[in-house]
Amino acid sequence: MIIEAIKQAQRVLIIGHPRPDGDCIGAGLTVWHICKKHGKLVDFACDSPAPSHFSFVPNFEACFTEPSGVYDLAIAVDCADDLRVGKYIGYFKKARVSINIDHHRTNNRFAAHNFVFPEASSTCEVLFDLLYETGEIDADCAYWLMVGLSTDTGHFMHSNTTPHTFEVAQKLTAFGLELNKISDYLYKNNTREKTKLIARAIESMRFFADGKICLITIMDSDLAECGCVLSDTEGLIDYGMMIGSVDVAVCITEQKNAFKASFRSKTVDVAAAATVFGGGGHQKAAGCTVCGKYEDVVRKVVKSITDGMSF
């Protein structure tokens, strides 16, 4: 259905979520490339500045085009709900056909056609399953899909990695990918500025619930003093999860008039914690925005987690 919708459209808009991660960028560029191959006018937009640490990805400059006019087809990738479409929701709703491709179990099926598979490790895995038999996947698509598959599984270390995920990875590498080079770009390519921010994140760690909860905080001042931007906070939460006694890690980042909270867990359902604040995600990886003063936000976030913990 997706390929048929692309064939029937003249102008296509692909929308990813704010602060796009590797899965969002990989899925978006895959669809963008297929649209290009079919001779379509296509834009790929995210309501967020470009995350420079993904600049190694081929055709990265295609990301973050500003939409204009009316589109025949709008495709949202890796957006858990319509709020994640951000300021481009008007373009999405005005499109003649809308498609939602995602893997979050909290997805609210906001498009006319929804391809949402919560059992998948990533949106890139969903896309692979939808497109593989069509013959549309080529070496370029395989590269982008592998970026999403790797980043959303923590390079195949997270619990969302399934036997099928490895099957998808094997089929993608058959296109001639050099997985070690992709891995080096993704996980061994920090700038000195990002490394300073990592140090700040570790220094900021606070522990709750007898050390089972690790809270990391990054303020605007931390970003400025380290020479970083908001997208550089990607991956900081992993340093909390590396601590053996920690069950849940939270990274709180200062936003305009609010705080963004990202959750990761080993056993606790953090999607339930995120939904307290109108957010969502997966059982072991979720996020939300929390309004209020910093210490009040910390108290509320910690309570949302401990309410779901058994001691």
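See above for the structure.
What comes next is a walk through the structure. (Residues numbered from 1 in each chain as written. Predicted model: local features only at pLDDT ≥ 70, side-chain atom pairs only at ≥ 80, totals over all residues. Heavy atoms only, no water.)

### Digging into the overall build of the protein chain
Along its length, the protein chain carries 12 helices and 11 strands. The globule rule puts the C-alpha radius of gyration for 311 residues at 19 Å, and the 19 Å found for the protein chain is close to it. Within the protein chain, contacts between residues separated by at least 24 positions form 63% of all contacts whose residues are at least 6 apart in sequence. Surface summary for the protein chain: the accessible area is close to 13800 Å², and the carbon and sulfur share equals 52%. Separation of charge centres in the protein chain, based on 31 positive and 38 negative side chains, amounts to 4 Å. (Helix = DSSP H or I, 4+ residues; strand = E, 2+ residues; numbered from the N terminus. Rg over C-alpha atoms; globule rule 2.2 N^0.38 Å. Contact = heavy atoms within 4.5 Å. Areas by Shrake-Rupley, 256 points an atom, 1.4 Å probe, with all protein chains shown as cover. Lys, Arg positive; Asp, Glu negative; His and termini not counted. Charge placed at Lys NZ, Arg CZ, Asp CG, Glu CD.)

### Here we look at the sheet that holds strand S5 (residues 113-116)
Spatially, S2-S1-S3-S4-S5 is the arrangement adopted by the five strands of the open sheet, whose pairing is parallel. The open sheet has two free edges, formed respectively by strand S2 (41-46) and S5, since each of these has just one partner strand. Along the sheet, successive strands turn relative to each other by an average axial angle of 15°, direction set aside. In this structure, strand S3 (residues 73-77) lies alongside strand S4 (residues 97-102), joined through five bridges in parallel fashion. Across the sheet, residue Ala-74 finds its bridge partner in S4, namely Ser-98. In the packing of helix H2 (residues 22-37) onto the sheet, contacts are made with strand S1 (11-16), S2 and S3, and the angle to S2 comes to roughly 170°. On top of the sheet, helix H4 (residues 123-131) reaches S4 and S5; it is set at about 115° to S4, its chief contact. (Pairing = 2+ DSSP bridges. Axes fitted to C-alpha atoms, helices over the stretch in contact; angles between N-to-C directions.)

### Notes on the packing of aromatic side chains
In total, this model carries eight aromatic pairs according to the counting rule given. Measuring from centroid to centroid gives 5.8 Å for Phe-259 and Tyr-294, while their planes differ by 55°, and the two rings are tilted. On the criterion of sequence distance, the pair formed by Phe-259 in strand S9 (residues 258-265) and Tyr-294 in helix H12 (residues 294-306) is long-range, its members being 35 residues apart. Note on Phe-259: relative accessible area 8%, which makes it buried. Put simply, the rings of Tyr-71, Tyr-88 and Tyr-91 pair up and form one aromatic cluster. Here the basic side chain of Arg-11 rests over the ring of Tyr-71, its NZ or CZ set 4.3 Å away from the ring centre. (Phe/Tyr/Trp six-rings, centres within 6.5 Å; stacked < 30°, edge-to-face > 60°. Buried < 20%, exposed > 50% of the residue type's maximum accessible area, 1.4 Å probe, protein only. Lys NZ or Arg CZ within 6 Å of the ring centre and 35° of its normal.)

### Quick word on the nonpolar core
Grouped together as the largest cluster of nonpolar side chains are 53 residues, with contacts concentrated most on Leu-29, Leu-73, Ile-75, Ile-99 and Leu-172. Counting residues in hydrophobic clusters, the runner-up holds 23 residues, among them Phe-263, Val-268, Val-270 and Ala-273. (Core = buried A, V, L, I, M, F, W, Y, C linked by side-chain atoms within 4.5 Å.)

### Concerning empty space enclosed by the protein
Per the counting criterion, the structure on display carries one cavity of 30 Å³ or more. Reported here for the largest cavity is a volume of approximately 30 Å³. Around the largest cavity, the lining residues are Arg-19, Pro-20, Leu-230, Ser-231, Thr-233 and Glu-234. (1 Å grid on protein atoms, 1.4 Å probe; cavity = no way out; pocket = protein on both sides within 12 Å on 5 of 7 lines; lining within 4 Å. Points joined across faces, edges and corners; volume = space filled by probe spheres on them.)

### Points about the packing of H2 against helix H5 (residues 139-152)
Each pair of packed helices can be described by the angle between their axes along with the distance between the axes. With their axes 7 Å apart at the nearest point, H2 and H5 run at an angle of 160° to one another. Between H2 and H5, the angle is such that the two are roughly antiparallel. In the packing of H2 onto H5, the handedness of the crossing is left-handed. Facing H2, whose interface residues are Gly-22, Asp-23, Gly-26, Leu-29, Thr-30, His-33 and Ile-34, H5 presents Asp-140, Cys-141, Trp-144, Leu-145, Val-147, Gly-148, Thr-151 and Asp-152. (Parallel < 35°, antiparallel > 145°, perpendicular 65-115°, else oblique. Left-handed = near helix turned anticlockwise from the far one by under 90°.)

### Concerning the sheet that holds S9
Backbone-to-backbone hydrogen bonds join strands into a sheet, with any given pair of strands oriented parallel or antiparallel. If you walk across this open sheet you meet the six strands as S6-S7-S8-S9-S11-S10, and the pairing is mixed. Edge positions in the sheet fall to strand S6 (206-208) and strand S10 (280-281), since each of these pairs with one other strand and no more. Across two bridges, S10 lies against strand S11 (residues 285-290) in antiparallel orientation. Within S11, the position partnered with Gly-281 by the bridge is Ala-286.

### A word on the environment of Lys-37
Locating Lys-37 in the fold gives a position in helix H2. Taking relative accessible area as the criterion, Lys-37 reaches 41% and is therefore assigned partly exposed. Between the alpha carbons of Lys-37 and Glu-136 there is a distance of 9.2 Å; along the sequence they are 99 residues apart. Apart from the residues lying within four places of it in its own chain, the contact partners of Lys-37 are Glu-136 and Asp-138. At 3.4 Å, the side chain of Lys-37 and the side chain of Asp-138 are in polar contact. (Polar contact = N/O pair within 3.5 Å; in protein donor to acceptor, adjacent residues only side chain to side chain.)

Read these as spatial facts, not as claims about activity.
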